[in-house]
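Here is how the chains run, residue by residue.
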2 protein chains.
Amino acid sequence: MDDTVKYLLSEDKLPTHWYNVVADLPSPPPPPLHPATHEPVGPEALAPLFPMALIAQEVTSERYVEIPEAVRDVYRLWRPSPLYRARRLEKALDTPAHIYYKYEGVSPAGSHKPNTAVPQAYYNAQEGVTKLTTETGAGQWGSALSFACSLFGIECEVWQVRASYDQKPYRRMMMETFGASVHPSPSDLTASGRAVLAEHPDSPGSLGIAISEAVEMAAADPAVRYALGSVLNHVLLHQTVIGQEALAQMEMAGETPDVIVGCTGGGSNFGGLVFPFLREKLAGRMNPVIRAVEPASCPSLTKGRYAYDFGDTAGLTPLLKMHTLGHEFVPDPIHAGGLRYHGMSPLISHIYELGLIEAVAKPQSECFAAGVRFARAEGIIPAPEPTHALAAAIEEALACKQTGETKVILTALCGHGQLDLPSYGRYLAGDLVDHQLSDEAVAAAMANLPVTS
Amino acid sequence: MDDTVKYLLSEDKLPTHWYNVVADLPSPPPPPLHPATHEPVGPEALAPLFPMALIAQEVTSERYVEIPEAVRDVYRLWRPSPLYRARRLEKALDTPAHIYYKYEGVSPAGSHKPNTAVPQAYYNAQEGVTKLTTETGAGQWGSALSFACSLFGIECEVWQVRASYDQKPYRRMMMETFGASVHPSPSDLTASGRAVLAEHPDSPGSLGIAISEAVEMAAADPAVRYALGSVLNHVLLHQTVIGQEALAQMEMAGETPDVIVGCTGGGSNFGGLVFPFLREKLAGRMNPVIRAVEPASCPSLTKGRYAYDFGDTAGLTPLLKMHTLGHEFVPDPIHAGGLRYHGMSPLISHIYELGLIEAVAKPQSECFAAGVRFARAEGIIPAPEPTHALAAAIEEALACKQTGETKVILTALCGHGQLDLPSYGRYLAGDLVDHQLSDEAVAAAMANLPVTS
């Protein structure tokens, strides 16, 4: 019997191109709009924030974009990443289902985020940018960009959501070890931060506020640009190395997925895994159910409105058409599981509207229970984010136990949870309660959506 | 040009046997002695603490011991581990040397410790043991054993050095996530702990005290046994999977090491990497310099006495002939780098006395500087322990830059430092000073060595 656990690709199987799903969709996603004129924005509107190479990738309709050799050289520090068959979890669940997970926790920052941090740092360095600014919540994205900037010799300045900066110092220390400077957000270094502090001196911050601060600082200095860790087309493009490798690894395993589940915050991990499989589905070569899993306390796809909204709290970014809970939305503080962004990637939102994917929301107690179950069977403690996908995978596997079906389930374990152990501690101590966002709260959060038509 | 970074072995290349270096040494190491009679102890003296299968491995003179299939099945969750060529570090150092590192941080607990935790849990479960007790300092070993026990369905009870229990809660939460129960040591659950607390109510604890507590609890209950994470022959035996894989991977790379450096605390990571290469050296098939690197503040090999001493503070264990700083030794609290045990594995001590290996001591500032340099080049933040080996590897590589030699340097990166970031934070803030143990302090610490002849 074949009892392989890990499917490994050698370095020469590292993808040579990123895959752009837009080329294969029946229609392109709606364009970003200028916040004042409500006209589609051209590249020049994005130039103060991003280098031209990334702007070109943001709007390209080419099916494949070549990965620069210098980026592949860095990818090889941890890529191709392993695909695992979760044989011990299957046994613990007593399910006939086959569960596979693509593991991105082997990267230097411990998540999938370096897949895009590295090319973003590279293209900026190529165009003479000397510093990148960014925001981070718990710190996964900030540590990925800090790592990438250290390799290409550019500075990295991070605004970290104040609550995480105070409560989760390990990620900040990781960023500093990679050479970055880190500020709590809101800070008094920006007009956006000062405006928030004037009204709420004790503000715990939010991703939207931190984005405003990082964007403001980048726009003010021609040698500085801004980097975003999810949501945008070019970010999801870079993440497709995950799905391309997984496709080759599923072939090694001799199986085709019946169900693919991934967690969604801004959508980059989900898109990265799913898009290459969606290409196969659209071409009729396989027919998996594809399901996004989001937190019940920040349910942009399942409860948000599909509308134009700002990417940040202060309203500095172009308007993006996306499933949104409103740019002023802040998740309940009890929510421990990451995935806290108010909106969803416009590309994922568009694909959802096209009916090509499903979405569900999960309460955090079910997610952490899945995380503990997974850790005790497979040894890896998952980051809180992918426990959402694991909860959905376990649900599917247990359904197979009822029906006797041998479904093939594929999921993305997009990061390990070794720096998120305090959330596990709270869960094990019984201190985590569930928070389901009510319809009233959703309606209130969306009262300030910009009116675009 | 071959520019491979990672040398990966497929699962079918996982070693089938552990390698016992004792079979190839010119003389065997001196036996453990009974603390009262000073006669060599027989298996029966160890039976209250360890299962018979491990006692047999402790005293075997067979060259190879077969790895049970159930253990190999668990190893395959992360083994074979990767061997890396540190090309970016070489470039940063501008050295002609080739630097290779065997990376054990890919294991569930993030270090090499599960290599022995898994077989220890397995053999205990086979012999009907229902609970294992152990000690842990910062928590690497405790989390490895917690993981292993969760897989074989036995309980795990850990005494963690009080200072780490209070200051480094992440490792405790990891142990609890794997299902273990964790007590700060000294505790009032044991006579050993109560004796310490009576004299020093605020004692920060030590590894020696925690060992006494775990041993005492195991000896008192026939269904409970004790597990040790380093020092003993069977522990080092289990770790030889590291060196056997590294030997095959160096062959893939087409190179033979000129210098092998590894950090030493109790000696298990060092022995695990080095013994298979020592076999080759003793057989005349290669001739590497082999060097142990220890902290200047806990320098058992370079400043300790080669004498019989207890393995624990309370004097409950048999007497082991080893390089020791005295069983009452406690390293200076400023020391942040792990490797805090008062003694050295009797097997490593014996090999050192035979002149087959060298030893050096490094101050912590040089080690953390090496760790930061490594992280910014290679992306992996090393645990404080292997930064000692990295400091020695960098020293060797910089010497090559002077002489123009293309030496091949091999080292073991035995764990990642993501849960040790506060120590990096202190280093980056300039708060870590060096502490060199004086000859007077060494002499004082050894005043209470047991007299055995």
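Our subject is the structure listed above.
Computed from a predicted structure; not experimentally measured.

Novice: How would you sum up the pairing of strand S6 (residues 131-136) of chain A? Please name residues and give values.
Specialist: Residues and elements named next belong to chain A. Among the six residues that make up S6, five are buried, leaving the element largely enclosed by the rest of the structure. Strand direction decides the pairing type here: S6 and strand S7 (residues 155-161), joined by six bridges, are parallel. Counted as the bridge partner of Thr133 is Glu157 from S7. Handedness of the crossover joining S6 and S7 through helix H6 (residues 140-152) is recorded here as right-handed. Note: S6 against strand S9 (residues 224-226), three bridges, orientation parallel. Paired with Lys131 across the strands is Val224, a residue of S9.

Novice: How would you explain the relation of the copies chain B and chain A if you had to name every residue and give the values?
Specialist: Put simply, the two copies of the chain differ by a rotation about an axis and a shift along that axis. Placing chain B over chain A gives an RMSD of 0.0 Å and needs a rotation angle of 180°, together with 0.0 Å of translation along the axis. What we have between these two chains is a two-fold relation.

Novice: Can you break down empty space enclosed by the protein residue by residue, with the values?
Specialist: Residues and elements named next belong to chain A. Summed over all chains, the structure comprises five cavities of 30 Å³ or more. Quantified by volume, the largest cavity comes out at close to 610 Å³. In this structure, the second largest cavity occupies an estimated 60 Å³ of space. In this structure, the second largest cavity is lined by Tyr19, Asn20, Val21, Val22, Gln57, Glu58, Thr60, Asn233, Leu236, Leu237, Phe275 and Leu347. With three residues, the top contributor of residues to the lining of the second largest cavity is helix H11 (residues 233-253). Within the lining of the second largest cavity, the residues separate by chemical class into seven nonpolar, four polar and one charged.

Novice: Describe the interface of chain B and chain A, naming the residues involved and giving the relevant values.
Specialist: Between chain B and chain A, the residue contacts involve 44 residues of the former and 44 residues of the latter. Both sides of the chain B and chain A interface together cover about 3,900 Å² of buried area, and 57% of this is carbon and sulfur. Summed over the shared surface of chain B and chain A, the number is four salt bridges. Salt-bridge contacts for Glu11 of chain A lead to Lys6 of chain B; the nearest nitrogen and oxygen are separated by 3.7 Å. Remark: the boundary between chain B and chain A carries 20 residue pairs in polar contact (both at pLDDT 80 or more). Those elements giving two or more residues to the side of chain B that touches chain A turn out to be helix H3 (69-75), helix H6 (140-152), helix H8 (169-177), helix H15 (364-378) and helix H17 (421-428) of chain B. Looking at side-chain class alone, the side of chain B that touches chain A contains 25 nonpolar, eight polar and eleven charged residues.

Novice: Residues and numbers for the packing of helix H2 (residues 52-59) of chain B against helix H11 (residues 233-253) of chain B, please.
Specialist: All names here are of chain B. Contact geometry for H2 and H11: axes closest at 7 Å, N-to-C directions at 85°. With respect to H11, the element H2 is oriented roughly perpendicular. Here Leu54, Gln57 and Glu58 of H2 come into contact with H11, specifically with Asn233, His234, Leu237 and His238. Its residues placed into classes, the contact of H2 with H11 shows two nonpolar, four polar and one charged.

Novice: Give me the pattern of salt bridges: which residues, what numbers.
Specialist: All names here are of chain B. Counted under the stated rule, the structure contains 42 salt bridges over all chains. Across the pair Asp24 and Arg63 runs a salt bridge whose closest N-O atoms are separated by 2.6 Å. Taken together, the residues span a long stretch of sequence, with Asp24 in the loop between strand S2 (17-19) and helix H1 (43-46) and Arg63 in the loop between H2 and strand S3 (64-66) at a distance of 39 residues. Overall, the relative accessible area of 22% leaves Asp24 in the partly exposed class. Residue class for Arg63 comes out partly exposed when judged on its relative accessible area of 36%. As a salt-bridge pair, Asp73 and Arg76 come within 2.7 Å of each other at their nearest N and O atoms.

Thresholds applied
- Residues numbered from 1 in each chain as written.
- Chains lettered and ligands numbered in written order.
- Predicted model: local features only at pLDDT ≥ 70, side-chain atom pairs only at ≥ 80, totals over all residues.
- Heavy atoms only, no water.
- Buried < 20%, exposed > 50% of the residue type's maximum accessible area, 1.4 Å probe, protein only.
- Helix = DSSP H or I, 4+ residues; strand = E, 2+ residues; numbered from the N terminus.
- Pairing = 2+ DSSP bridges.
- Right-handed = clockwise from strand over helix to strand, strands pointing away.
- Least-squares fit on C-alpha atoms with pLDDT ≥ 70 in both.
- 1 Å grid on protein atoms, 1.4 Å probe; cavity = no way out; pocket = protein on both sides within 12 Å on 5 of 7 lines; lining within 4 Å.
- Points joined across faces, edges and corners; volume = space filled by probe spheres on them.
- Nonpolar A, V, L, I, M, F, W, Y, C, P; charged D, E, K, R; others polar.
- Contact = heavy atoms within 4.5 Å.
- Buried area = accessible area lost by both parts, 1.4 Å probe.
- Salt bridge = Lys/Arg side-chain N within 4 Å of Asp/Glu carboxyl O.
- Polar contact = N/O pair within 3.5 Å; in protein donor to acceptor, adjacent residues only side chain to side chain.
- Axes fitted to C-alpha atoms, helices over the stretch in contact; angles between N-to-C directions.
- Parallel < 35°, antiparallel > 145°, perpendicular 65-115°, else oblique.

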